[in-house]
Amino acid sequence: MIPLADPTAEYLALKDEIDKALLDTAVSGRYILGPQVEMLEREIAGYTQVAHAVGVASGTDALKLALTACGVNPGDEVVTTPFSFIATADAISGIGAVPVFADIDPATFNLDSALVAPLITDRTRAIVPVHLFGQPADMPAIVALAREHDLAVVEDAAQAIGAKVGENKVGSLGTAGAFSFFPSKNLGCLGDGGMVTTDDPNIAERVRRLRVHGAGAKYLHDELGYNSRLDEIQAAVLRVKLTRLEEWTEIRRELAGLYDELLTGAGAGELTTPHVAPGVRHVYNQYTILSDDRDDLAERLRRRDIASTVYYPRPLHLQKAFRFLGHETGAFPNAEAAAGRVLSLPMYPFLGAEGVREVAGALLP
Ligand SMILES: *Cc1c(COP(=O)(O)O)cnc(C)c1O
């Protein structure tokens, strides 16, 4: 049996250190916004090459608080991709703003920056590119466009911690970055967690307020906010796992390279391996292939007890929850085509070359 991801293996590999971190936190009596969160914030800021990082309760909240702190208000328009997990657009709607979709580049699955410009109106306040599957979006073009129109860029980096454009990490490229520590992400905790990154001290300060009901000083509330803290116990676990992130990311990249090698060429004409844009570091939260026969391929895997999944079978503009936006089938053809052809294969640091060979062997005729 080969799963899609294996968070238990990650825990077991670090069991002694994680168990100690959990017990120490339990004994400390500091459970909310204590030293572990503070130290993790410093470490994540260092890792992502930004001045400030603020721990929050989830990746979804990281997006909401970052957008609000960047000045996005109810009624404002925010341009984003229709090919993502629903949290991307749910966060925009959740703060009362309006998601405006631009279609994707069919090769990278990321926002097509050329399609963003025509959507900018005088109500547009921000762009939310998603670094889907661990590959950075076309940030140079998106950031240039945002500068030109005085817009914020909030990176949805939930799947992409450690990914880079040139030497620059995601989360440091826009106005703010939003990370998720959901267990299946490349840096996952034992539950929910998230982080906002930014170089702007005012944005960081506002996120710090928003996560504690808008309080500047204790019991003095400058605005209304949320209860959205990263738990101390999750921060303690994340600090242990962060020490292995680079090593595990390199293993993911090697496994992806092996998939590429085995799935390209003889007998594999019916599937396309991931396209990596030049100059970026893809961190493969998912290894996602394209095929007209993806349901048959998934069935072939299932028969050998190998997991696979479709991220995502229905683009956001065709979700019932977003029917109020009024989009029809055909509105974003590249996103719709991708939704019909993608298949994500098992990908995790403990999959091993043997695992990759087994998956590839099951896929090839
Ligand atoms: C996981 C994810 C989120 C949300 O993160 P949570 O921690 O689950 O709230 C947002 N965007 C993308 C692209 C994701 O994959």
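Going by the structure above, here's the rest.
Residues numbered from 1 in each chain as written. Predicted model: local features only at pLDDT ≥ 70, side-chain atom pairs only at ≥ 80, totals over all residues. Heavy atoms only, no water.

Asks: Even after reading the chapter, I still don't get the overall build of the protein chain, so can you show me in this structure?
Replies: When helices and strands are tallied, the protein chain shows 12 helices and 15 strands. What you see for the protein chain is a C-alpha radius of gyration of 20 Å, in line with the 21 Å of a compact globule of 365 residues. Taking all 365 residues of the protein chain together, 53% fall into the buried category. Accessible surface for the protein chain amounts to roughly 15,100 Å². Of this, 52% is attributable to carbon and sulfur atoms. Counting 33 positive and 48 negative side-chain charges, the protein chain places the centres of these two groups 4 Å from one another. (Helix = DSSP H or I, 4+ residues; strand = E, 2+ residues; numbered from the N terminus. Rg over C-alpha atoms; globule rule 2.2 N^0.38 Å. Buried < 20%, exposed > 50% of the residue type's maximum accessible area, 1.4 Å probe, protein only. Areas by Shrake-Rupley, 256 points an atom, 1.4 Å probe, with all protein chains shown as cover. Lys, Arg positive; Asp, Glu negative; His and termini not counted. Charge placed at Lys NZ, Arg CZ, Asp CG, Glu CD.)

Asks: Could you clarify how one ought to interpret the sheet that holds strand 15 (residues 342–345) in this entry?
Replies: Sheet strands associate in pairs through backbone hydrogen bonding, adopting either a parallel or an antiparallel arrangement. Read from one edge to the other, the open sheet built from three strands follows the order 12-14-15, with strand pairing classed as antiparallel. The open sheet has two edge strands, strand 12 (271–272) and strand 15, and neither has a second partner. Examined bridge by bridge, strand 14 (residues 287–291) and strand 15 share four bridges and lie antiparallel to one another. Of the residues in strand 15, the one forming a bridge with Leu290 is Val342. The sheet strands contacting helix 9 (residues 245–263) are strand 12, strand 14 and strand 15, and the helix crosses strand 14 at an angle near 20 degrees. (Pairing = 2+ DSSP bridges. Contact = heavy atoms within 4.5 Å. Axes fitted to C-alpha atoms, helices over the stretch in contact; angles between N-to-C directions.)

Asks: Would you mind going over the packing of aromatic side chains with me for this structure?
Replies: Any two aromatic rings considered together are summarised by their centre-to-centre distance and by the angle between their planes. Inspection of the entire model under this criterion finds 11 aromatic pairs. Ring geometry for Phe109 versus Phe133: centroids 5.5 Å apart, planes at 80 degrees, classification edge-to-face. On the criterion of sequence distance, the pair formed by Phe109 in the loop between strand 3 (98–101) and strand 4 (124–128) and Phe133 in the loop between strand 4 and helix 6 (139–149) is long-range, its members being 24 residues apart. Taken as a pair, Phe109 and Phe133 share a single burial class, namely buried. Aromatic ring contacts, followed pair by pair, group Phe83, Phe85, Phe109, Phe133, Tyr311 and Tyr312 into a single cluster. A cation sits over an aromatic face here: Lys169 above Tyr47, 3.9 Å from the ring centre. (Phe/Tyr/Trp six-rings, centres within 6.5 Å; stacked < 30°, edge-to-face > 60°. Lys NZ or Arg CZ within 6 Å of the ring centre and 35° of its normal.)

Asks: Could you clarify how one ought to interpret the site of the ligand in this entry?
Replies: Of all residues adjacent to the ligand, which total 14 residues, the nearest are Gly59, Thr60, Asp156, Ser180 and Lys185. A distance of 2.8 Å separates an oxygen atom of the ligand from a polar side-chain atom of Gln159. The separation between an oxygen atom of the ligand and a polar side-chain atom of Ser180 is 2.6 Å. When isolated, the ligand has an accessible area of 380 Å², and the protein chains bury 93% of it. Sorting the residues of the shell around the ligand by element identifies helix 4 (59–69) and helix 5 (87–94) as the ones contributing at least two each. (Near = heavy atom within 4 Å. Polar contact = N/O pair within 3.5 Å; in protein donor to acceptor, adjacent residues only side chain to side chain.)

Asks: Before we go on, may I ask you to explain the pairing of strand 2 (residues 77–80) in this structure?
Replies: On a regular strand, one side chain projects to one face of the sheet and the next to the other, so that they alternate. With burial as the criterion, each face of strand 2 is covered, one bearing Glu77 and Val79 and the other bearing Val78 and Thr80. Summarising the sheet, strand 2 and strand 3 pair through four bridges and their orientation is parallel. In the sheet register, Val79 faces strand 3, and the bridge partner there is Val100. As a crossover connection, the stretch from strand 2 through helix 5 into strand 3 is right-handed. (Right-handed = clockwise from strand over helix to strand, strands pointing away.)

Asks: Hey, could you run me through the packing of helix 4 against helix 5 in this one?
Replies: How two helices sit against one another is set out by the angle between their axes and by the gap between those axes. One way to put it is that helix 4 packs onto helix 5 with a least axis distance of 9 Å and a crossing angle of 40 degrees. Judged by the inter-axis angle, helix 4 sits oblique to helix 5. In this structure, helix 4 crosses over helix 5, and the sense of that crossing is right-handed. When helix 4 is examined against helix 5, the residues Thr60, Leu63, Lys64 and Leu67 are found in contact with a partner set consisting of Ala87, Thr88, Ala91, Ile92 and Gly94. Of the residues assigned to the contact of helix 4 with helix 5, the class counts are five nonpolar, three polar and one charged. (Parallel < 35°, antiparallel > 145°, perpendicular 65-115°, else oblique. Left-handed = near helix turned anticlockwise from the far one by under 90°. Nonpolar A, V, L, I, M, F, W, Y, C, P; charged D, E, K, R; others polar.)

Asks: Any chance you could explain the nonpolar core here in plain terms?
Replies: In globular proteins that are soluble, nonpolar side chains generally tend to be buried together. By size, the foremost hydrophobic cluster in this structure holds 40 residues, and its most contacted members are Leu40, Ile44, Val116, Phe181, Leu187 and Met195. Those elements that provide at least two residues to this core are helix 3 (35–47), helix 6 and helix 8 (232–242). Not counting residues within four places of it along the chain, the set of residues in contact with Val116 comprises Val79, Ala102, Leu111, Ile127 and Leu145. Of all hydrophobic cores here, the second largest spans 26 residues; its members include Val54, Val56, Val78 and Ala204. (Core = buried A, V, L, I, M, F, W, Y, C linked by side-chain atoms within 4.5 Å.)

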